[in-house]
Amino acid sequence: VCVPIPTHMHLYFSLTVRRTDEVIANFGTHYEQQYAVALFNNVRFDIEGGGGPQPQLLHRKVPLKNKAIFSGALFQYVEESKKWRKHFIFIPNSYGISSYESKAAYEKGQQPKGTIDCAGYRVLTSMDQYLELLGSSLPGVKAKVSSSPFLKCATQFPLILWHPFARHYYFCVMTENEQLKWSAVFQDCVRHSNNGLSEESKVQTPAFTDAVRLYRQAQGHYGTWDMMCGDPAQILANLVMEKLTPELRELIAPRLKGKMHEKQRSWMLISDAVYSLVQSQAQAQYKALVQRCEAGRPQLEASIRTDMDQIITAKEHVTGKIRALVFPKAEKLLKVSIQPYISSILEALMEPTSRGFFEVRDVFFKELVDMSKNLLNEGNKEKLGEHMEKISMLAFHPVKMQSCYEKVEQLSLEGLQQRFDVSSPSVFVQRAQILMREQTDDAVYTFEQLLHQSLEGQEGEELNKIIQRCQDRVIKKFDYDSSTVRKRFFREALLQIFIPYMLKQLSPSCLPVSEPLSLFLYLSKPHVALSADGSLSVCLQELPKFQELIFEDFSRFILVETIFEEVVLQTVMKDIMMAVKEAAVQRKHNLYRDSIVLTNSDPNLLLLGENPSIDWAEEYGGKGEDEDPEEEDQADGDPEVQKRRRMKQVVSMIQLDGGSPVPESCLEVPGVEDIPEVNEADDYTQSSPDVVTKIPNGTSCSEANIEANKFTAPTEKISVEPEEHSPTDSESSKAIERAIQEIENAVQEEDLENESSEASPTSQEPEAVPSEEEPSPPTKEEDSLEMNQEEATPQSASDSLSKQEQPTANSNSGNHDDSGFQSPTGDVTEGGRPKAGAEHAKESDSETGEKDSGMGGVIEPPIVAS
């Protein structure tokens, strides 16, 4: 890293190494003790088992195998050259952001110019947000404020990745829509990277989290911690930097030269270099610590299984003694400071979280409804495979899931930050978002398995009926599991808020009155427990006696500090359980009581969970749409290039090559005047000798392509924006208008000829304007179908024949949609009722007796041309 190196930089790095060794050594003592406790709890759980409702949905073991998340072109600020460059960004299933010089460099297997691990980062979309955070990096430092901005952004739509310790990354795009899309992708990368602790590790992960918590409590830090994100090495590096950063800032800040923004930039690069050093050192030491503990695991596990009953008896005996000592004080604190706030905090958690899960249900439901509508005309398994291939990755589509995540981001715990030491609600927001994504993928995976099984057993049945039956089963199971997951989340969140506060309040009475030291510190160094007058509290005098009650052989599995925290947890847990249960009994936010959640209600479904993920494109589809035979022939000699080109992507691919589908971010790029820092900017501008014509979705096409659009619906006119002329050019304007009118007349005449040649009864119907009325409320018998269909426009026969090659007329009338699902259109009569091919809507009407004024989006079967 190119940074201005002060004269005494070697002293700073020596300080860094020394502080890292101290923190890791102190943490290692906690980890070794908590490892034995976590191993005991894991073995006991395996023997005794655990209760709780059983999940109704299946869980996918490897959800993103052979998948990529996103790729496309972005302008990135290169720190070394201080210039903006257009790079190809590729995000694999590991959610690391890799930057390449071009798409060709990626496909050839070249190494990326850089890879960003997003753990601990924040995604910012404005320079004001960034400058505000940057200003807090060097508090109290005085310098001349520069008139020039810190960073001249190439466009008005920046994307900045900010980290409190690591270096920052700067990107920009051309449009606001692309900014929103990339922001959603980057936030998903941060969300996934922050969730770096494996839940599959039942011993190492609990030992690690408890050791970090106890270490911070020993330093006087209670409450939630925003930097508990990433893998263990990154969390330990954050733990070191939390202590090291103030020391380095005090030593380095006075020696930095230049204006304020230059000092801030230099400090950021120096902090990044120190953070990288700390992280590499922490990773090596943590790896050695884990290997040491794993080496002694067989012996510990043998002792646990041999003396399980005696260990449990001894622990219950000590727990009873400590409970008798701690319970009166904890109960008093609970009644005065905790119970009055439980219901209000629970409601603050339930409202946004439940809205997020409801949005997940709606998004999943609408995807299935759109697929059913598209299959009404094209009811074959090949089309089904194409749709299911996209739906299978719904949970990992950051753009589609963004509306769900935004609901939870409204969570606010104002007024609790100071009282209960809650730094920010981001810890709870990210946890809820991870649970929402898991629930979405479980629902999708369960639907896949049920649909696949149904298709194998009933070949002759209509696809829509099979889809409807599987959809109803999955939605019902989702409601059950959603209730269970949310209640568990509420309980955990309330414990995270109240337990640190209670420990902080109880520690001065059971520990030294001078500062809230950890109980572990007292047991290891009893002499620090003396108060100013040399006296001891009653509680403190009896703590060594509890340690004496534990046999030496069992002392590794029974810790007085752990029992003390368990007693405090049990004190408040009953009130939390009662509050959550009361909310479920009242059916608040569609919560269910545990008694009505069925156990083993669908044993045959559990057997499907052992099946591998279904490759819908290979089994029902054929060759993918994005595969080019010529490119495949050229890549035959290079298997790495072939693998990269065939990799399927969750979000639609952004292509850079000419002739390929190009999303919005690559349609326009800044010219030279927009990016004065780059001389190569003119290479990325798009120029064409043809006259450009605007079409409704915001893209552009030449006049030579107007004929390709003449098979659109008759009700949708082609809008051509003529060039502006002076008043003296009236004759030219009239000529252009006449040309436009001739084009429209030609289109209408051809449509009339097609309709008359087909002799279809619908051709005699007058054209109707699509109804814009809202659909009628869903009925109970339809199981809340919520078919919010798009406005319907009739299609010509030529359009229906080329449906697989060309988008429908509706696809040009709205914003660009990455989902790849276009709601089909169909002929409607006056009043919005479908004319033909709508048996499903008629059956629904016969059951409910309601008018289907909102079902105008149902399409009729395709008309085969003679």
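Bear in mind the structure is a predicted one, so any value in this text is a computation, not a measurement.

## What to know about the overall build of the chain
- The secondary structure content of the chain amounts to 23 helices and 10 strands.
- Relative to its 866 residues, the chain shows a buried fraction of 48%.
- Considering only contacts in the chain between residues 6 or more positions apart, those separated by 24 or more positions represent 76%.
- Element-wise, carbon and sulfur atoms account for 50% of the exposed surface of the chain, whose accessible area totals about 42,600 Å².

## Topic: the pairing of strand β2 (residues 83–92)
- Where burial is concerned, most of β2 is hidden: 8 out of the 10 residues are buried.
- Pairing of strand β1 (residues 67–78) with β2, which is carried by 10 bridges, proceeds in the antiparallel orientation. The residue of β2 that forms the bridge with Val78 is Lys83.
- Adjacent in sequence and paired antiparallel, β1 and β2 are bridged by 4 residues, among which Lys82 carries a positive phi angle near 55 degrees.
- In the sheet, β2 pairs with strand β3 (residues 97–100) via 3 bridges, with the strands oriented antiparallel. Opposite Ile89, over in β3, you have Ser99 as the bridge partner.
- Adjacent in sequence and paired antiparallel, β2 and β3 are bridged by 4 residues, among which Tyr95 carries a positive phi angle near 65 degrees.

## Remarks on the nonpolar core
- Judged by nonpolar contacts, the single largest core of 171 residues is most densely connected at Tyr31, Phe186, Phe447, Leu451 and Phe498.
- In terms of residue count, helix α9 (residues 308–377) provides more of this core than any other element does, 26 residues in total.
- Not counting residues up to four positions away in its chain, the partners in contact with Phe498 are Ile338, Ile342, Ile345, Phe420, Val572 and Ile576.

## Considerations on the pairing of strand β6 (residues 157–162)
- Within β6, 6 of the 6 residues are buried, leaving the element largely enclosed by the surrounding structure.
- Of the two faces of β6, the one carrying Phe157, Leu159 and Leu161 and the one carrying Pro158, Ile160 and Trp162 are both buried.
- Of the pairings in the sheet, the one linking strand β5 (residues 122–124) to β6 comprises 3 bridges and is antiparallel in character. From the neighbouring strand, Arg122 faces β6, where its bridge partner is Trp162.
- With antiparallel pairing between neighbouring strands as the criterion, β6 and strand β7 (residues 169–173) make up a hairpin whose turn holds 6 residues.

## Some thoughts on the packing of α9 against helix α10 (residues 381–391)
- At a minimum axis separation of 10 Å, α9 and α10 run at an interaxial angle of 165 degrees. The orientation of α9 relative to α10 falls into the category roughly antiparallel. For the crossing formed where α9 meets α10, the hand is right-handed. Contacts between α9 and α10 involve Glu367, Leu368, Met371, Asn374 and Leu375 from the first element and Lys383, Leu384, His387, Met388 and Ile391 from the second.

## Concerning the packing of helix α4 (residues 176–194) against helix α11 (residues 398–408)
- Direction vectors running N to C along α4 and α11 enclose 75 degrees, while the axes themselves pass 9 Å from each other. Here α4 lies roughly perpendicular to α11, going by the angle between them. Note on element contacts: α11 touches α4 through Pro398, Val399, Gln402 and Tyr405, opposite Lys181, Ala184, Val185, Gln187, Asp188 and Arg191.
- Grouping the constituent residues of the contact of α4 with α11 by class yields 5 nonpolar, 2 polar and 3 charged.

## Digging into the confidence of the model for the chain
- Of all residues in the chain, 63% have pLDDT values of 70 or greater, and the mean over the chain is 73.
- Predicted confidence for residues 622–635 stays below pLDDT 50, and this span has 8 contacts to residues more than four positions away or in other chains.

## Details of the packing of aromatic side chains
- Counted under the stated rule, the structure contains 24 aromatic pairs.
- Here Tyr77 and Tyr170 contribute two aromatic rings whose centre-to-centre distance is 5.9 Å and whose plane-to-plane angle is 80 degrees, an arrangement assigned as edge-to-face. Linking Tyr77 in strand β1 with Tyr170 in strand β7, this pair joins segments that are 93 residues apart in sequence.
- Assessed through its relative accessible area of 10%, Tyr77 is described here as buried.
- Judged by relative accessible area, Tyr170 falls into the buried class, the value being 2%.

## Let's talk about the environment of Ile97
- Looking at where Ile97 falls in the secondary structure, it is placed in strand β3.
- Judged by its relative accessible area of 1%, Ile97 falls in the buried class.
- With 20 residues separating them along the chain, Ile97 and Asp117 place their C-alpha atoms 6.9 Å apart.
- Here Ile97 is in contact with Ile89, Phe90, Ile91, Gly114, Thr115, Ile116, Cys118, Leu161, Phe186 and Cys189, once residues within four sequence places are set aside.

## Comments concerning the pattern of salt bridges
- In the structure shown here, the tally under the stated rule is 26 salt bridges.
- Where Glu247 meets Arg19, a salt bridge forms, and the shortest distance between an N and an O atom there is 3.0 Å. Taken as a pair, Glu247 in helix α6 (residues 232–252) and Arg19 in helix α1 (residues 9–48) lie far apart in primary sequence, 228 residues in all.
- We classify Glu247 as partly exposed; its relative accessible area is 22%.
- Close ionic contact of Lys181 with Glu178 constitutes a salt bridge, the shortest N to O distance being 3.3 Å. Of this pair, Lys181 and Glu178 both sit in helix α4, 3 residues apart, roughly one helical turn. No difference in accessibility class separates Lys181 from Glu178, as the two residues are buried.

## Observations regarding unusual backbone geometry
- With a phi close to 55 degrees, Lys82 is a non-glycine residue in the positive phi region.
- Its place among the elements puts Lys82 in the loop between β1 and β2.

## Notes on the state of the cysteines
- Inspection of the entire model under this criterion finds 0 disulfides.
- Here Cys172 is not disulfide-linked; the sulfur of Cys153 is the nearest cysteine sulfur, at 4.6 Å.
- Among the residues examined, Cys172 registers a relative accessible area of 0% and is labelled buried.

## Re the side chain of Gln34
- Structurally, Gln34 is set in helix α1.
- Contact partners of Gln34, with chain neighbours within four places excluded, come to Ala207, Asp210, Ala211, Leu214, Leu559 and Thr562.

So, how was this worked out
- Residues numbered from 1 in each chain as written.
- Predicted model: local features only at pLDDT ≥ 70, side-chain atom pairs only at ≥ 80, totals over all residues.
- Heavy atoms only, no water.
- Helix = DSSP H or I, 4+ residues; strand = E, 2+ residues; numbered from the N terminus.
- Buried < 20%, exposed > 50% of the residue type's maximum accessible area, 1.4 Å probe, protein only.
- Contact = heavy atoms within 4.5 Å.
- Areas by Shrake-Rupley, 256 points an atom, 1.4 Å probe, with all protein chains shown as cover.
- Pairing = 2+ DSSP bridges.
- Core = buried A, V, L, I, M, F, W, Y, C linked by side-chain atoms within 4.5 Å.
- Axes fitted to C-alpha atoms, helices over the stretch in contact; angles between N-to-C directions.
- Parallel < 35°, antiparallel > 145°, perpendicular 65-115°, else oblique.
- Left-handed = near helix turned anticlockwise from the far one by under 90°.
- Nonpolar A, V, L, I, M, F, W, Y, C, P; charged D, E, K, R; others polar.
- pLDDT = per-residue confidence, 0-100.
- Phe/Tyr/Trp six-rings, centres within 6.5 Å; stacked < 30°, edge-to-face > 60°.
- Salt bridge = Lys/Arg side-chain N within 4 Å of Asp/Glu carboxyl O.
- Disulfide = S-S within 2.5 Å.

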